[in-house]
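# An overview of the molecular structure
Each chain is listed here by its residues.
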Amino acid sequence: MLGVVIGVAAVVTAVAIGAGASASVQERMQALGSNFIVIIPEQVVVQGARVETQRSRLTIEDAEAIRRECDAVAYVSPSARTTAQVVSAEGNWGTSINGMGVDFPFIRRWNVEQGRFFTDADVRSAALVCVLGATVADNIFRDLDPVGATVRIRNVPFRVVGLLERKGGSIGGNDHDDLVVVPYTTLMRRLTGSSRPGSLVASAISDRHVEEAMQQIDALLRQRHRLPPDGPADFRLRAQTEIMEASAEQARTMANLILAIAAVSLVIGGVGIMNIMLVSVTERTREIGIRLAVGAKGRHVLVQFLFEAVTLSIAGGLTGVLFGVGAAVALGKAAGWPIVISPASILIAFLVAGSVGIFFGFYPARKASRLDPIDALRYE
């Protein structure tokens, strides 16, 4: 029974954690924009090594062209990034500084919780304004209201005009809220001195139009960069849906691994039940002989021992389900993991436990039913 208990508990726990992880991946990716597309410089081969090119050919004009000519694209923005210390009168914090356009909240589905986002006028004039992520605000302002305050980034004073809503951590453990967003023109002119954005970000008009939007962007950028339709490109397109699918696949792989371990445990538990039933048949040989001598048929003895094996297995399965649900809930609370306890998984685990009892209990039951009554009565 112990083997069945462990196997069933592992199955229920694995399915609960795996389903919870998949649901969490989907929820977080949806919160960040499932129709999100990023355009980045393509890697180049230098002396046989594949490296990131530092000479991005993506331009602000490319973003404007995508906005005008790609009807499957809803929003687009140049994107630039650097890291720096953000200093206020109350403290300082090292974080990511992201240069974006005014479409950023719509592309990433990221609302402003307090204040406002910067405007087109701020972008055109490279205004010294910024919007803080929740983690940055918590660390440099504590309980104070950051909106309207001044922070310094690389000795350049920025006025805080807004605070982004809290998004939480990513699947990989990164903190989405640990960032500062400024106009991309401000970052390029005042912080990095670059003339081109590092990448472009866009969003399709809906989840169903992501592939169409990527095809339109690819064709347009090839035309603008004078690249052949079927040749190598100097840019690369990635969609959030690809990341979602990869993360979900990882969660499924881990769940399947645990299920495989649980299956081995169930087999071991089944073998244990078979061994115990064989011992039981041996110890109860005289009882079996008496039953057969007073008129019981072989099928009656078969059903008796098969019922005992199934009872052991189902009792172990029921106990395993209880332990599995408890273990899943305890792990979820202790590690902060999301869990989804599926009634279907509990039913399947229970049926598998019963099947193990029938499969491994059949041989001992059949052996008992085929005993010769005379030999059984003589058995000591």
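Attention in this report is confined to the structure presented alongside it.

Criteria and thresholds
- Residues numbered from 1 in each chain as written.
- Predicted model: local features only at pLDDT ≥ 70, side-chain atom pairs only at ≥ 80, totals over all residues.
- Heavy atoms only, no water.
- Helix = DSSP H or I, 4+ residues; strand = E, 2+ residues; numbered from the N terminus.
- Buried < 20%, exposed > 50% of the residue type's maximum accessible area, 1.4 Å probe, protein only.
- Pairing = 2+ DSSP bridges.
- Axes fitted to C-alpha atoms, helices over the stretch in contact; angles between N-to-C directions.
- Parallel < 35°, antiparallel > 145°, perpendicular 65-115°, else oblique.
- Left-handed = near helix turned anticlockwise from the far one by under 90°.
- Contact = heavy atoms within 4.5 Å.
- Nonpolar A, V, L, I, M, F, W, Y, C, P; charged D, E, K, R; others polar.
- Salt bridge = Lys/Arg side-chain N within 4 Å of Asp/Glu carboxyl O.

### Regarding unusual backbone geometry
Phi angles above zero are rare outside glycine, and R109 is one such case at about 50°. Here R109 shows up in the loop between α3 (104-107) and β6 (112-115). A relative accessible area of 35% means that R109 is categorised as partly exposed.

### Some remarks on the pairing of strand β12 (residues 235-239)
Alternating residues of β12 divide into F235, L237 and A239, all buried, and R236 and R238, none buried. Here strand β1 (residues 36-41) runs beside β12; their pairing, made up of five bridges, is antiparallel. The residue of β12 that forms the bridge with I40 is R236.

### Quick notes on the packing of helix α2 (residues 60-69) against helix α7 (residues 210-224)
Closest axis-to-axis distance for the α2/α7 pair is 10 Å, and the angle between their directions is 130°. Here α2 is positioned oblique relative to α7, judged by the angle of their axes. Of the two elements, α2 crosses α7, and the hand of that crossing is right-handed. Side by side, α2 and α7 meet where E61, D62, A65, I66 and E69 of the first sit next to I217, L220, L221 and R224 of the second. Residue composition of the contact of α2 with α7, by class: five nonpolar, no polar and four charged.

### Quick notes on the pattern of salt bridges
Scanning the model with the defined rule gives 11 salt bridges in all. With a closest N to O distance of 3.3 Å, D122 and R116 form a salt bridge. Given the relative accessible area of 33%, R116 is considered partly exposed. E287 serves as the salt-bridge partner of R284, at 3.1 Å between the closest nitrogen and oxygen. You can call E287 partly exposed: its relative accessible area is 33%.

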